[in-house]
Amino acid sequence: MDPIVIFFVIIIVVSVIISILYYSAINNNNNSPPSQPKYTSSKPQYTPDYEHELEYKKNKSVDISYNTTHNMPSTYIIVDVQTTGLDYFKDSILEITAERYDEGIKHDDFHSYCKYTKHIPDEAFAVNNIFSSDVNNAPSLRIVLNEFLNYIKDYPLLTYNAEFEMSFLQYNCITKLKKRINNNVINGLELSRENLPDLHDHKLSTIQKYFNVVKGPKHSYNNCKTINHLYHYCIQREESISKYGVAFSSDPCELNDLEVNYLNEFVKICVRNKIKKSSLSIRKSGKYLIVMRNQIPLIKFKLNGKLNYFLIDIPYNKFISECHTEIECASGSSNEIGMTRVLSTSPEQMNEFKEYIFTSKTRVWSTQSF
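Engineer: A description of the sheet that holds strand E4 (residues 105-113) should follow, citing residues and the corresponding values.
Structural biologist: One open sheet accounts for 6 strands, arranged E1-E6-E5-E2-E3-E4; its pairing is mixed. The sheet terminates laterally at strand E1 (67-68) and E4, the two strands that pair on one side only. Bridging between strand E2 (residues 75-83) and strand E5 (residues 157-159) involves 2 bridges; their strand directions are parallel. Bridging across to E5, Ile77 finds its partner in Leu157.

Put into structure tokens, the structure is as follows:
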């Protein structure tokens, strides 16, 4: 065979082999799985504001416990704390307010902003309405805490959310002053849940509306005023429950024997109609005894004179056409327009008229919120 021909045949064979190897390598690379990107969590990780992790762990482990009490003393100090956030170990105290009360009457107060030069978070400002100008030149927290401890002495402390406020106060007293707050602490939030169980929530703003507390220009003083209303109400409630089985919604007073008998029977009627006893309260208005459920009147008694009766909230003419009763009834007086007097001779007679007390949607003394 011609050498030239052999040479070209060899070149062709080598080229074919090289091509086969090259394309085989490419295919192997294309069939291999693509490399996966490293997983990064979208959840932001909290990084302590401390220089070293050991310092963070040390501060986080501070014992912030405090002394709780369920006693309700007549002399106490209400405490309100405003902060930059919810975490006692990384957020700062901006304001401390304290007011000393005796028998519900304010005697004196303590108030101070605390130095803070960073930007106040928008979420915090929306709650406490504290401006940077209020705290930029304020005394240091160390100074304020020392003055605060001198003010509260060993008086019982009343705060609304004790867990929140005491964690900030205890933590900062320990880390900055090497001192603990050993006062007994009353938790207003627990009092609210126990004594106002039917509220849709127990925010302090809800309590403020419930007691119609008039707002002043300062947020922290409004809080203290509201907490005092709640506390005074709870004390009165305890006193009247122990005496009459139902709480007074206003200043407690003495009930005569007939009022007590009718009250006790009416409470039984309420319980049989699935109304919680804890939701009931009473108040006196002139000669009337009024029983209410969540501040809504249910029934009105006049049981302290020559003429004793309870009121049905329906005009007399309409009432006698609807209700056939042997009990003597009469039209209401000028102070009782649109109502009917039921001249009852025994508490048990109220059972006959319970539909007029519990089912009306338009009558003043009805349970419209059921």
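After presenting the structure, the write-up continues.
Engineer: How would you summarise the nonpolar core if you had to cite specific residues and measurements?
Structural biologist: Core analysis: the largest hydrophobic core is formed by 32 residues, its most contacted members being Phe266, Phe301, Phe310, Ile312 and Phe353. Of all the elements in the fold, those that place two or more residues in this core are helix H10 (257-272), strand E8 (280-285), strand E9 (288-293), strand E10 (296-302), strand E11 (309-312) and helix H12 (354-358). For Phe310, the contacting residues outside a window of four places in its chain are Tyr262, Ile299, Lys300, Phe301, Thr340, Arg341, Val342, Ser344, Met350 and Phe353. Residues Val81, Ala98, Cys173 and Val185 belong to the second largest nonpolar core, which totals 30 residues.

Engineer: So what about the packing of helix H7 (residues 188-195) against helix H9 (residues 219-244)? Which residues, and what values?
Structural biologist: At a minimum axis distance of 10 Å, the contact between H7 and H9 shows a crossing angle of 50 degrees. Accordingly, the angle class assigned to the pair H7 and H9 is oblique. Judged by the sense of rotation from one axis to the other, the crossing of H7 with H9 is left-handed. Here Gly188, Leu191, Ser192, Glu194 and Asn195 of H7 come into contact with H9, specifically with Leu230, Tyr231, Tyr233, Cys234, Arg237 and Glu238. Taken together, the residues of the contact of H7 with H9 break down into 5 nonpolar, 3 polar and 3 charged.

Engineer: Go over the environment of Gln208, please, and point to the residues and values.
Structural biologist: Looking at the element boundaries, Gln208 is found in helix H8 (residues 204-210). Dropping the residues within four chain positions of it, Gln208 is found in contact with Val213, Lys215, Asn222 and Thr226.

Engineer: Account for the sheet that holds strand E13 (residues 340-342), with residues named and values stated.
Structural biologist: Reading across from one edge, E7-E8-E9-E10-E11-E13-E12 is the order of the 7 strands in this open sheet, with mixed pairing throughout. Since the sheet does not close on itself, it has two edges, and those belong to strand E7 (247-248) and strand E12 (329-331), each with one partner. Here E9 runs beside E10; their pairing, made up of 5 bridges, is antiparallel. Pairing of Leu289 across the sheet is with Phe301, part of E10.

Engineer: Summarise the environment of Asp251; cite the residues concerned and give the values.
Structural biologist: Looking at where Asp251 falls in the secondary structure, it is placed in the loop between E7 and H10. C-alpha separation for the pair Asp251 and Lys284, spaced 33 residues apart in sequence, amounts to 8.6 Å.

Engineer: How would you sum up the side chain of Glu95? Please name residues and give values.
Structural biologist: Following the sequence through the fold, Glu95 ends up in strand E3 (residues 93-102). Side chain to side chain, Glu95 and Lys218 meet in a polar contact 3.0 Å long. Reaching out from Glu95, the side chain makes a polar contact with the side chain of Ser220 at a distance of 3.2 Å. Once residues lying within four places of it in the same chain are set aside, the contact partners of Glu95 are Asp80, Val81, Gln82, His111, Ser112, Tyr113, Cys114, Ile130, Lys218 and Ser220.

Engineer: Tell me about a negative patch on the surface, residues and numbers included.
Structural biologist: A contiguous patch of negative charge on the surface is contributed by Glu103, Glu190, Glu194, Glu238 and Glu239. Looking at the negative patch, the elements with two or more residues in it are H7 and H9. Topologically, Glu239 is positioned in helix H9.

Engineer: Hey, could you go over the pattern of salt bridges for me, with residue numbers and the actual values?
Structural biologist: Two side chains with opposite charge may pair up if their charged atoms get near one another. Counted by the stated rule, this structure contains 10 salt bridges. Here Glu254 ties to Lys243 by a salt bridge, and the two come within 2.4 Å at their closest N and O atoms. Within this pair, whereas Glu254 is found in the loop between E7 and H10, its partner Lys243 is found in helix H9, the two being separated by 11 residues in sequence. Beyond isolated ion pairs, a larger network of salt bridges with shared partners links Glu99, Lys106 and Asp109.

Calculation notes
Residues numbered from 1 in each chain as written. Predicted model: local features only at pLDDT ≥ 70, side-chain atom pairs only at ≥ 80, totals over all residues. Heavy atoms only, no water. Pairing = 2+ DSSP bridges. Helix = DSSP H or I, 4+ residues; strand = E, 2+ residues; numbered from the N terminus. Core = buried A, V, L, I, M, F, W, Y, C linked by side-chain atoms within 4.5 Å. Buried < 20%, exposed > 50% of the residue type's maximum accessible area, 1.4 Å probe, protein only. Contact = heavy atoms within 4.5 Å. Axes fitted to C-alpha atoms, helices over the stretch in contact; angles between N-to-C directions. Parallel < 35°, antiparallel > 145°, perpendicular 65-115°, else oblique. Left-handed = near helix turned anticlockwise from the far one by under 90°. Nonpolar A, V, L, I, M, F, W, Y, C, P; charged D, E, K, R; others polar. Polar contact = N/O pair within 3.5 Å; in protein donor to acceptor, adjacent residues only side chain to side chain. Patch = residues over 30% accessible without salt bridge, like charges linked within 9 Å, V, L, I, M, F, W, Y side chains within 5 Å. Areas by Shrake-Rupley, 256 points an atom, 1.4 Å probe, with all protein chains shown as cover. Salt bridge = Lys/Arg side-chain N within 4 Å of Asp/Glu carboxyl O. Lys, Arg positive; Asp, Glu negative; His and termini not counted. Charge placed at Lys NZ, Arg CZ, Asp CG, Glu CD.

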